Structure formats: C-alpha cells, structure tokens
Amino acid sequence: MNRRYRKTIIAGNWKMNKTPTEAKALIEEMKPALSRCKWCEMVLCVPFTDIQNAVKAARGSKIAIGAQNMHFEKSGAFTGEVSADMLKEMGVKFVIIGHSERRQYFGETDISCNKKVKVALAAGLRPILCCGETLEEREQDVTMEVVRKQIKIALRDVAAEDIKKVVIAYEPIWAIGTGKTATAEQAGEVCSAIRDCLRELYGARAARAITVQYGGSMNAKNAAELLAQPDVDGGLIGGASLKAADFAAIVDAANQ
Ligand code: PGA
C-alpha cells in the first residue's frame, strides 16, 4: 500500500453465493466491525439479485455495493444481461470486469472487457478490471507479457481523465479459490509491473494514483503481508468475503 498516493480498496466478490435475505443478514453482521475502518474503501460485489437488499443494508455505513458483471450495450435483445444504467440506478458504484471465471466460462475477451470498461465509466460506475495468468503461463515465464496484453487491450481508448476511476485487480488464475496464494513478492512484482504498464500508457502521475489490488486466496492470515507490498493497494476477495469475521480482519489489516 502507499496511502500517500492512492486509496486502498478492499473488495469482496461474493460470486454466486447468498440469496437476498442472506445478503442482508451478512451485511448487517459485517457492519459493526467494518465501522472501525479509517483508511480504506470497502466494496461488496454481490449477485444482481442481491443488489437491492445489499444497497439498503449498507446504507449509513462506509460499504459501497458493486456488481460482478454487466453488458456493454445500453439496451436491446440480450436475454439474461444487465446494463450499466440498470446497475447505476440501483445504487451500484463498482463493477467487476473480466474476472477470470467470466473469461473461462462465459467467453469474455480483452476486447469485450475494453467495451465494458468504457461503458461502465460513461455510466459513472468504477470498473474493477481483472487480469492474471494461468499456471501454465507462469511456468512458461510469460506472466508479465500476458498481464500487459490484457491491460493494454482492456484500457484502449480509456481517457486520461477517467483512468483514476479504474481499479486493476491482479488475480493469478492458479491462486483463485485454490488456497494457493501468490507469495507477497510474486504479488508485489506483478502489481509493480502493472503500474509500469500504466505509467507507459498514462504517465507517472496518473499511474501513481491508480489502485492495483491483489486477488486469489487472500485471507485474514496472509492479508497483512500482501498489503505490505508497496504496489499492492488492496484486495479482491472471494471465499473470505463470505465470512464477516474474515472480511473484517482483512479490512483491519488494510487499516494498520
Ligand atoms: P478467492 O477468489 O479469494 O476465493 O480465491 C478471488 C476472486 O476470484 O476474486
């Protein structure tokens, strides 16, 4: 973290978990502990069907509600999809774009991510743009190339004045949901390479102000060490964001 230049953001990604009633209960359970939070921003990215209850339950707290995906068209014949304007009107502030599960199971590409990032920004939503390599890519020593390509394509034509609203989440695919966390050094190294790439695209000043998160089996135990890396400005947390005490412990680590 480097609080002097940028915000630390701890975001939960609930994935396909929790009914609207369960969502309300979990947020109510989280609120007291999260009210201790001083320095970081907190986001919960919930299923579409939970948004209404989540926004209501989070009211009066410092928790912002995010979505996990959106379509890049404004409206039309896209059965099962949800637009940026629909999310915005529900009170959503953030939206995850290009999570590796979306890329793997639902055919998302860097090009579709690029369209979504631009549309999210135009609607006033903050994109949490995900990138990260597979185990094979890491073993072949092409992690930096893969991540740079993902970022460069997904951010093409994103205006300089908008870039500070974008959050980047580095999520090595081999670490997601596997219990295998990247070491703090591995996470720090790639997050720093991401900032180098952002510097090439937007200049030093802008790059310095962008929040770059780590995600992949981040938990109450390893959060402090990961967040101690200067270029790791927060986390995108799956499993551990479904338990109030674990999520609160990660937020506490971000407030040290
Ligand atoms: P995990 O998921 O924390 O359960 O590994 C992270 C993510 O997919 O965003």
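See the structure above.
Right, let's walk through the structure included here.

In the vicinity of the ligand lie 13 residues, with Lys 15, His 99, Glu 171, Gly 177 and Ser 217 positioned nearest. Here an oxygen atom of the ligand sits 3.5 Å away from a polar atom, N or O, in the side chain of Asn 13. Contact between the ligand and His 99: an oxygen atom at 2.6 Å from a side-chain N or O atom of the residue. Isolated, the ligand exposes 280 Å² of accessible area, and the fraction of that covered by the protein chains is 94%.

With that settled, consider the nonpolar core. Of all hydrophobic cores here, the largest spans 73 residues; its most connected members are Leu 155, Ile 168 and Ile 194. Dropping the residues within four chain positions of it, Ile 194 is found in contact with Cys 131, Val 147, Ile 151, Ile 168, Tyr 170 and Val 212. Core analysis: the next-biggest nonpolar cluster, separate from the first, contains 12 residues, Ala 11, Ala 64, Phe 94 and Cys 130 among them.

In this section: the pairing of strand E3 (residues 63-67). Among the five residues that make up E3, five are buried, leaving the element largely enclosed by the rest of the structure. Judged from the four bridges that link them, strand E2 (residues 41-45) and E3 form a sheet pairing that is parallel. Following the sheet pairing, Leu 44 is matched in E3 by Ile 65. For the segment spanning E2, helix H2 (residues 51-58) and E3, crossover handedness is right-handed. Examined bridge by bridge, E3 and strand E4 (residues 94-97) share two bridges and lie parallel to one another. Of the residues in E4, the one forming a bridge with Gly 66 is Phe 94. Between the parallel pair E3 and E4, the chain is carried across by helix H3 (residues 84-90), and the sense of this crossover is right-handed.

The rules behind these values
- Residues numbered from 1 in each chain as written.
- Predicted model: local features only at pLDDT ≥ 70, side-chain atom pairs only at ≥ 80, totals over all residues.
- Heavy atoms only, no water.
- Near = heavy atom within 4 Å.
- Polar contact = N/O pair within 3.5 Å; in protein donor to acceptor, adjacent residues only side chain to side chain.
- Areas by Shrake-Rupley, 256 points an atom, 1.4 Å probe, with all protein chains shown as cover.
- Core = buried A, V, L, I, M, F, W, Y, C linked by side-chain atoms within 4.5 Å.
- Buried < 20%, exposed > 50% of the residue type's maximum accessible area, 1.4 Å probe, protein only.
- Contact = heavy atoms within 4.5 Å.
- Helix = DSSP H or I, 4+ residues; strand = E, 2+ residues; numbered from the N terminus.
- Pairing = 2+ DSSP bridges.
- Right-handed = clockwise from strand over helix to strand, strands pointing away.

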